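# Breakdown of the fold
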Amino acid sequence: MVGSAFRRVAHVCVYLVRKASSVSRGHQHPALGSRPAASGFTAQGAPGGVLELLGQSYPQDDYSNLSRKVLSSVGRNLHNQQYHPLWLIKERVKEHFYKQYVGRFGTPLFSVFDNFSPVVTTWQNFDSLLIPADHPSRKKGDNYYLNQTYMLRAHTSAHQWDLLHAGLDAFLVVGDVYRRDQIDSQHYPVFHQLEGVRLFSKHELFAGVKDGESLQFFEQSSRSAHKQETHTMEAVKLVEFDLKQTLTRLVTHLFGDAGAQDRIGWAFGLGLERLAMILYDIPDIRLFWSEDERFLKQFRVSDISQKVTFQPLSKYPAVVNDISFWLPPENYTENDFYDLVRTIGGDLVEKVDLIDKFEHPKTHKTSHCYRITYRHMERTLSQREVRRIHQAVQEAAVQLLAVEGRF
């Protein structure tokens, strides 16, 4: 039961963490806390423009692709909003790690960081994790860039290098992360991630193993700035076992029984929204951004471990509209369209489905047809109200994405 629940709540990335001292360090951006100011559909601008975000100024270039919708979410820090469901999950995980993992002097083994700025350098987000320059995960279509040097972090792993090089061996990082993605009840351009990292010295890893002093971390292999040495099978198996135990204990706590040169370690990442949606029966990811008291008051509990079952706000009917257009010859991505719809329709958009693709036999032009489902979480929408929004989406798609409308 625990195993099946865990598979539903998170995509866990397990890898061996080692400090990469041969790579030059990127610049740590200061943690900042003010709300952003933004206008227009996107923050894209001609070189020379400036984006003001969290009290800092960023010159814009051809990489700049932040939408107004995403900018409005920066600085909300839902995971630090007391009695918010994401805050409750974070506090429950912290409580578990503080109690289960204690250092030699009775202090918590894991340090917790939950207030880093979401603005990081591309070096922090990619290069520090040895992600090559031509890797597809760097695409503009999947990330939010302030410019070629700065971006909104795509994962909390962006802080790993700095914390490891500060000398930390065990830590949790919690924060908002940003990815361009599809639109449905499970996906949102902003979500919250909790990452855990732990390193072991040779003594710590092999201390409980018979004849452990004869075991080694590494095979006979070479190391470069882009490739680590190969770890021995004994070291890998022990680290895998420790990670499995760590995650099993955490999931049991939540759900019940239903690069170091001389270190080796594990890392995992959990999506807080996925955990909360299962624990509290929250059906739609948009609800986490609601300021409706009928939603928020359900999570004001005296004990963070108290069972809460979300009581749905009235289920209002959906309004559905389709949009079809011919794609431009180049530079079109579906995530550009999803961002446009999110920005104009906001959280009135429940989901967007690509329901048809068509290639003209003579012109070889490609047409896409999308079905947009609009639904307000707190009241009934009228077709007239939705028609105005849908028309704005059509006009913006033509003007900003260079599509040819079929409406």
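Residues numbered from 1 in each chain as written. Predicted model: local features only at pLDDT ≥ 70, side-chain atom pairs only at ≥ 80, totals over all residues. Heavy atoms only, no water.

### Some words on the environment of Q148
Rules: Strands are runs of DSSP state E lasting at least two residues, helices are runs of H or I lasting at least four, and both sets are numbered from the N terminus onward. Accessible area is worked out with a 1.4 Å probe on protein chains only. A residue is then buried under 20% of its type maximum, exposed over 50%, and partly exposed in between. Between two residues, a contact is recorded if the distance between any of their heavy atoms is within 4.5 Å.
Turning to its location among the elements, Q148 is positioned in the loop between α4 (122-125) and β5 (150-152). With a relative accessible area of 48%, Q148 lands in the partly exposed category. The spacing of Q148 and Y63 is 85 residues in sequence and 5.4 Å in space, taken between C-alpha atoms. Those residues within four positions of Q148 in sequence are excluded, and the remaining contacts are D61, Y63 and T122.

### Side note on the confidence of the model for the protein chain
This is how it is decided: Looking at any residue, its pLDDT shows the predictor's confidence there, from 0 to 100.
For the protein chain, per-residue confidence averages 84 on the pLDDT scale, and 81% of positions sit at 70 or higher. Ignoring residues within four places in sequence, the model shows residues 1-40, a span with pLDDT below 50, making 121 contacts including any to other chains.

### Structural notes on the pattern of salt bridges
Filter applied, for reference: Put simply, a salt bridge is a Lys or Arg side-chain nitrogen that is within 4 Å of an Asp or Glu carboxyl oxygen.
What the rule picks out here adds up to 21 salt bridges. Among the ionic pairs, K99 bridges to E95, the shortest N-O distance being 3.6 Å. One end of the pair, K99, and the other, E95, are both in helix α3 (residues 85-100), four residues apart, so they sit about a helical turn from each other. Judged by its relative accessible area of 22%, E95 falls in the partly exposed class. Residues joined by salt bridges that share partners form a network here, namely D284, R286, K315, E350 and R375.

### Some words on the sheet that holds strand β8 (residues 263-271)
Applied cut-off: For two strands to pair, DSSP has to find at least two bridges joining them. The convention used is that axes are lines fitted to C-alpha atoms, helices contributing only their stretch in contact, and that angles between N-to-C directions extend from 0 to 180 degrees.
Within the open sheet, the four strands sit side by side as β3-β6-β7-β8. Their pairing is mixed. With one partner strand each, in any of the chains shown, β3 (111-113) and β8 form the two edges of the open sheet. Strand-to-strand twist of the sheet, defined as the mean angle between neighbouring strand axes without regard to direction, takes the value 20°. Lying over the sheet, helix α7 (residues 233-255) contacts β7 (190-201) and β8, oriented at roughly 30° with respect to β8.

### A closer look at unusual backbone geometry
We note that L130 has phi near 60°; this positive angle belongs to a residue other than glycine. Its location among the elements puts L130 in the loop between α4 and β5. Phi is positive for N331, which is not a glycine, with a value near 65°. Examined against the element boundaries, N331 turns out to sit in the loop between β9 (319-326) and α10 (334-345).

### A closer look at the pairing of β9
In terms of burial, β9 is a largely internal element, six of the eight residues being buried. Relative to strand β11 (residues 366-374), β9 is paired through eight bridges, and the arrangement is antiparallel. In the strand pairing of β11, S324 is matched with C369. Two strands pair when backbone bridges link them, and β9 and strand β12 (residues 404-405) are joined in this way by two bridges, in the antiparallel orientation. Bridge pairing in β12 places F325 opposite G405.

### Description of the nonpolar core
Short version of the rule: Only buried residues count toward a nonpolar core, which is a set of Ala, Val, Leu, Ile, Met, Phe, Trp, Tyr and Cys residues joined through side-chain atoms within 4.5 Å.
The biggest cluster of nonpolar side chains holds 60 residues, and the ones touching the most others in it are L53, L152, Y280, I282 and F288. Examining the composition of this core, we find that eight residues originate from one element, α7, more than from any other. Sequence-distant contacts of I282, defined by excluding residues within four places in its chain, comprise P85, A276, M277, L287, F288, F295, F299 and F310. L327, Y370, I372 and L401 belong to the second largest nonpolar core, which has 24 residues in total.

### Concerning the sheet that holds β12
Taken in spatial order, the four strands line up as β10-β11-β9-β12 in an open sheet, and their pairing is antiparallel. Edge positions in the sheet fall to β10 (349-359) and β12, since each has one partner strand and no second. Seen against the sheet, helix α11 (residues 383-401) touches β9, β11 and β12 and runs at an angle of roughly 15° to β9.

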